[in-house]
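Chain and residue survey
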Amino acid sequence: MARLILTWISLLILQSYLIPIAFGSKEVEEFSEALLLKPLPDRKVLAHFHFENRAPPSNSHGRHHHLFPKAISQLVQKFRVKEMELSFTQGRWNHEQWGGFDPLSSMNAKPVGVELWAVFDVPHSEVDTSWKNLTHALSGLFCASINFLESSTSYATPTWGFGPNSDKLRYGSLPREAVCTENLTPWLKLLPCRDKDGISALMNRPSVYRGFYHSQRLHLSTVESGQEGLASGIVLEQTLTVVLQPETLFVGTNIQPTWSINSLFGRKVVGRCVLAKSSNVYLQMEGLSGHESKNMDTEMEAHELWKNADFELSLKPDRILREINSFLFIFDIDISSDSEPFDLGLTWKLPVKWSCQQAPLHASRFLMGSGNERGAIAILLKATDSQDKLSGSDLTNGCCTLKANIFQIFPWYIKVYYHTLQIFVDQQEKTGMEVLKKINVSPSTDKMSSGMMEMMLELPCQVKSAAISIEYDKGFLHIDEYPPDANQGFDIPSALISFPDHHASLDFKEELSKSPLFSKLKEKSLVRSYTEVLLVPLTTPDFSMPYNVITITCTVFALYFGSLLNVLRRRIGEEERFLKSQAGKKTGGLKKMLSRLVAKIRGRPIEEPSSSTESPEARSSVFSSKLFFKFILVAGAAAAWQYFSTDK
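This one's a predicted model, so the numbers in the text were calculated from it and none came from an experiment.

1. Observations concerning the overall build of the chain
- Counting secondary structure elements, the chain contains 16 helices and 27 strands.
- In the chain, the share of contacts with a sequence separation of at least 24, taken over all contacts with a separation of at least 6, comes to 77%.
- Roughly 34500 Å² of accessible area belongs to the chain as shown, and the carbon and sulfur atoms make up 56% of that amount.

2. Section: the packing of helix α2 (residues 70–79) against helix α5 (residues 127–142)
- Direction vectors running N to C along α2 and α5 enclose 165°, while the axes themselves pass 10 Å from each other. With respect to α5, the axis of α2 lies roughly antiparallel. Viewed along their axes, α2 and α5 form a crossing whose handedness is right-handed. Listed contacts from α5 to Ala-71, Ile-72, Leu-75 and Phe-79 of α2 are Ser-130, Asn-133, Leu-134, Ala-137, Leu-138 and Leu-141.

3. Description of the packing of aromatic side chains
- A complete count under the given rule lists 24 aromatic pairs for this structure.
- Measuring from centroid to centroid gives 5.4 Å for Trp-93 and Tyr-213, while their planes differ by 80°, and the two rings are edge-to-face. Of this pair, Trp-93 sits in the loop between β3 (81–90) and α3 (95–98) while Tyr-213 sits in strand β7 (residues 213–223), and the two are 120 residues apart along the sequence.
- Under the relative-accessibility criterion, Trp-93 is labelled buried at 4%.

4. Brief notes about the sheet that holds strand β13 (residues 326–332)
- Spatial ordering of the open sheet is given by β5-β6-β4-β3-β7-β8-β2-β1-β10-β13-β12, a layout of 11 strands whose pairing is mixed. Among the strands making up the open sheet, the edge pair consists of β5 (155–156) and β12 (319–322).
- Pairing of strand β10 (residues 278–286) with β13, which is carried by 7 bridges, proceeds in the antiparallel orientation. Bridging from a neighbouring strand, Gln-284 pairs with Leu-328 of β13.

5. Points about unusual backbone geometry
- Located in the positive-phi region is Arg-194, a residue other than glycine, with phi close to 50°.
- Within the secondary structure layout, Arg-194 lies in the loop between α6 (181–188) and α7 (205–209).
- The class for Arg-194 is partly exposed, based on a relative accessible area of 40%.
- Its identity is not glycine, yet Asp-426 carries a phi of approximately 55°, on the positive side.

6. Quick look at a positive patch on the surface
- Taken together, the side chains of Lys-189, Arg-194, Lys-196 and Arg-267 present a region of like positive charge at the surface.
- For Lys-189, a relative accessible area of 49% corresponds to the partly exposed category.

7. Quick notes on the pairing of β7
- Within β7, 10 of the 11 residues are buried, leaving the element largely enclosed by the surrounding structure.
- As paired strands, β3 and β7 are joined by 8 bridges and run antiparallel to one another. Looking across to β7, one finds that Leu-86 is bridged to Leu-218.
- Sheet topology note: the β7/strand β8 (residues 233–244) ladder contains 11 bridges and is antiparallel. The partner of Arg-217 across the bridge, within β8, is Thr-239.

8. Focus: the side chain of Thr-89
- Considering the arrangement of structural elements, one finds Thr-89 in strand β3.
- Of the polar contacts made by the side chain of Thr-89, one reaches the side chain of Ser-215; its length is 3.0 Å.
- If we skip the residues at most four places from it in the chain, Thr-89 touches Lys-110, Pro-111, Val-112, Gly-113, Val-179, Tyr-213, His-214 and Ser-215.

9. Some thoughts on α5
- Taking 1.5 Å as the rise per residue, α5 with 16 residues should run 22 Å; its terminal C-alpha atoms sit 22 Å apart, in good agreement.
- Along α5, the positions that sit buried rather than exposed are Val-127, Ser-130, Trp-131, Leu-134, Thr-135, Leu-138, Ser-139 and Phe-142.
- Phi for Cys-143, located one or two positions after α5, is positive at around 55°.

10. Comments concerning the state of the cysteines
- Throughout the structure, instances matching the rule amount to 2 disulfides.
- Two residues share a disulfide in this structure: Cys-193 and Cys-273, whose sulfurs sit 1.8 Å from each other. Taking the sign of the torsion about the S-S bond as the criterion, the disulfide between Cys-193 and Cys-273, at about 70°, is right-handed. Within this pair, whereas Cys-193 is found in the loop between α6 and α7, its partner Cys-273 is found in the loop between α8 (261–265) and β10, the two being separated by 80 residues in sequence. Cys-273 matches Cys-193 in its accessibility class, with the two residues each being buried.
- The side chain of Cys-400 participates in a disulfide bridge whose partner is Cys-461; the two sulfur atoms lie 1.9 Å from each other. Taking the sign of the S-S torsion, -75° for the link of Cys-400 and Cys-461, the bridge is left-handed. With Cys-400 in strand β18 (residues 399–410) and Cys-461 in the loop between β22 (451–460) and β23 (465–474), this residue pair connects regions lying 61 residues apart in the sequence.
- With its disulfide-bonded cysteines labelled consecutively along the sequence, the chain is connected as 1-2, 3-4.
- Summary of cysteine pairing: Cys-180 is not part of a disulfide, and the nearest cysteine sulfur, belonging to Cys-143, is at 8.6 Å.
- The partly exposed category is assigned to Cys-180, whose relative accessible area is 30%.

11. Digging into the pairing of strand β2 (residues 45–55)
- Among the 11 residues of β2, 10 are classified as buried, and the element is accordingly described as predominantly covered.
- As judged from the 10 bridges shared by strand β1 (residues 30–39) and β2, these two strands associate in the antiparallel manner. Bridge pairing links Ser-32 to Glu-52 in β2.
- Counting the residues between successive antiparallel strands, the hairpin from β1 to β2 contains 5 residues, one of them, Arg-43, with a positive phi of roughly 70°.
- Pairing geometry for β2 and β8, over 11 bridges, is antiparallel. Paired with Asn-53 across the strands is Leu-236, a residue of β8.

12. Quick word on the sheet that holds strand β9 (residues 259–260)
- A sheet is described by the order of its strands in space; here 3 strands give the open sequence β9-β14-β11, paired in antiparallel fashion. Since the sheet does not close on itself, it has two edges, and those belong to β9 and β11 (311–313), each with one partner.
- As paired elements, β9 and strand β14 (residues 345–348) share 2 bridges and run antiparallel to each other. Bridging from a neighbouring strand, Trp-259 pairs with Leu-346 of β14.

13. Section: the pattern of salt bridges
- Within the structure shown, the criterion is met by 22 salt bridges.
- A salt bridge links Glu-30 to Lys-277, with the shortest nitrogen-to-oxygen separation between them at 3.2 Å. On the criterion of sequence distance, the pair formed by Glu-30 in strand β1 and Lys-277 in the loop between α8 and β10 is long-range, its members being 247 residues apart.
- Judged by relative accessible area, Glu-30 falls into the partly exposed class, the value being 31%.
- Accessibility expressed as a relative area gives 59% for Lys-277, which makes it exposed.
- In this structure, Lys-415 and Asp-446 form a salt bridge, with 2.6 Å as the shortest nitrogen-oxygen distance. Of the two residues, Lys-415 sits in strand β19 (residues 414–425) while Asp-446 sits in the loop between β21 (436–442) and β22, which places them 31 residues apart along the sequence.
- On the basis of relative accessible area, Lys-415 is assigned to the partly exposed category, the value being 26%.
- When salt bridges with common partners are traced through the structure, they connect Glu-85, Lys-110, Glu-115, Arg-217, Glu-237 and Lys-520 into a single cluster.

Conventions adopted
- Residues numbered from 1 in each chain as written.
- Predicted model: local features only at pLDDT ≥ 70, side-chain atom pairs only at ≥ 80, totals over all residues.
- Heavy atoms only, no water.
- Helix = DSSP H or I, 4+ residues; strand = E, 2+ residues; numbered from the N terminus.
- Contact = heavy atoms within 4.5 Å.
- Areas by Shrake-Rupley, 256 points an atom, 1.4 Å probe, with all protein chains shown as cover.
- Axes fitted to C-alpha atoms, helices over the stretch in contact; angles between N-to-C directions.
- Parallel < 35°, antiparallel > 145°, perpendicular 65-115°, else oblique.
- Left-handed = near helix turned anticlockwise from the far one by under 90°.
- Phe/Tyr/Trp six-rings, centres within 6.5 Å; stacked < 30°, edge-to-face > 60°.
- Buried < 20%, exposed > 50% of the residue type's maximum accessible area, 1.4 Å probe, protein only.
- Pairing = 2+ DSSP bridges.
- Patch = residues over 30% accessible without salt bridge, like charges linked within 9 Å, V, L, I, M, F, W, Y side chains within 5 Å.
- Salt bridge = Lys/Arg side-chain N within 4 Å of Asp/Glu carboxyl O.
- Lys, Arg positive; Asp, Glu negative; His and termini not counted.
- Charge placed at Lys NZ, Arg CZ, Asp CG, Glu CD.
- Polar contact = N/O pair within 3.5 Å; in protein donor to acceptor, adjacent residues only side chain to side chain.
- Expected span 1.5 Å × (residues − 1).
- Disulfide = S-S within 2.5 Å.

If you want it as structure tokens, here you go:
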């Protein structure tokens with residue numbers, strides 16, 4: 001039975017390689033998986049899952065995928081997406097403790113909630129339509145409220161301040177979108193092995209969502225084939241970044257906590273994904289100043305590096321790479337199985353202190369002012385300790401300058417006065433001509449479009465602090481436009497701070513393999529960071545008043561229609577005759593016989609009840625007059641109520 005299963009799997013893998021060749025494509029689809037672990041200075045551990053799936057250029061029609069998710073391929077072809085990135089984030093990245101000048105933080109430190117941006121390959125008149133259709137498709141695919149970004153008040157059109165310079169770029173953000181397992185499950189379904197095998201099997205839901213920060217990201221880009229008749233290839237990159245807190249056994253000590261993969265995720269790696277071309281686990285160690293001068297030419301020196309006086313690894317690495325400020329331990333999980341699972345552990349022996357490299361300036365944003373009428377938004381930039389060590393400053397007119405781009409979106413109900421922009425450098429106010437090199441402003445339109453501001457600052461390299469403030473007025477919303485939790489406040493999306501002259505990358509001394517994660521770490525990525533999400537309280541109406549008005553109106557209508565129907569439906573004469581007939585039946589025949597006997601003795605005729613002697617015409621006239629009088633009374637009361645209750 002085992003041989004039959006192995007033969008069947010081999011035939012499937014062979015088929016996946018032969019069919020693309022039969023269709024004229026020499027390249028085949030490739031999938032790779034990797035896990036990067038990194039201890040942090042504040043006694044936490046960073047876990048970065050990286051999955052890459054490549055679909056080579058192929059025929060435009062009749063494409064059948066073997067590894068690449070079909071839903072993403074159809075998404076790219078239908079809406080003609082050239083590049084797209086979608087992220088779900090919970091928690092805020094701590095740039096001071098976890099770093100801000102490395103590829104991981106530059107690419108995976110995302111704002112809270114949902115962030116989506118896309119570049120389309122369509123005419124300008126169809127970009128907005130493609131954006132709206134894309135948001136609806138992604139909303140159904142990932143079980144999220146991404147369709148709220150279809151409104152023109154929820155997205156913007158950046159030109160140069162965000163990153164990709166394209167006039168067909170759309171950007172949107174939902175800061176209040178909650179992230180849960182409903183978003184992670186469809187994200188995992190895009191993987192060939194899902195979460196059943198390989199590195200993705202470590203994604204235990206309770207372990208992931210109990211972390212201080214987690215961000216799942218999906219980035220896709222198209223690769224032009226350059227040949228006629230072949231469609232563009234697609235590169236899908238899926239990453240999950242989690243910051244976890246290991247369980248500490250000894251409280252009050254300065255030694256970093258000991259951890260392992262099993263203690264962090266509650267699971268072990270029992271094997272690689274059979275469809276993955278490469279499957280590795282990496283451990284990046286920073287702060288090893290005492291070992292930077294050592295070479296790893298001999299096996300003994302490599303053994304001293306992963307087993308030394310500071311720390312000890314539970315498994316021997318297959319390879320060790322050295323970078324300027326860190327070491328990278330490489331582990332291959334091909335030999336792991338159910339009987340011998342892969343469980344990497346790190347044990348600290350001595351207290352070790354280090355700090356992660358930060359961006360040139362640390363950005364924070366806050367609100368100023370009070371009341372529900374107006375206020376101001378301020379962005380504070382503070383110099384970090386690593387500012388002097390960073391390269392990439394620009395020499396303009398013989399002076400060293402530091403460039404910083406600021407991109408932020410304002411909802412339409414935040415009416416920003418752009419002429420009130422003030423810039424302070426080292427607590428001294430500067431004019432726009434001195435530090436403001438370029439600015440692009442798009443004012444908002446009430447209930448039509450949001451506002452946007454892109455600006456480039458040129459600051460001195462020795463700057464200690466810089467502050468930017470801009471005033472705004474708070475708008476008034478219709479009662480139907482308030483969310484259910486209106487008293488909580490309204491969110492302003494995070495602002496993006498980027499440094500165009502600074503790029504982060506890892507420069508390893510040895511030659512790297514063709515691993516996709518290595519390629520990403522080696523690429524130069526723009527250094528950028530997101531600020532906090534602002535919570536602005538707006539004037540909210542008394543939501544109990546509509547309830548009171550509805551209650552009293554319903555009461556009056558009930559009395560009015562109840563009385564009217566009572567008058568129109570009741571028949572008083574028939575009710576009296578019915579009651580008298582019922583009373584006569586209850587008295588019985590004895591009373592009738594006695595009355596007739598007394599009448600014969602006295603010689604008088606037998607008299608019937610007075611109701612029977614009344615003519616039908618008289619009863620009808622009396623009933624009609626009473627009915628008409630009651631109808632006129634109720635109608636007059638209703639007309640008087642309508643007259644006095646209507647605002648004049």
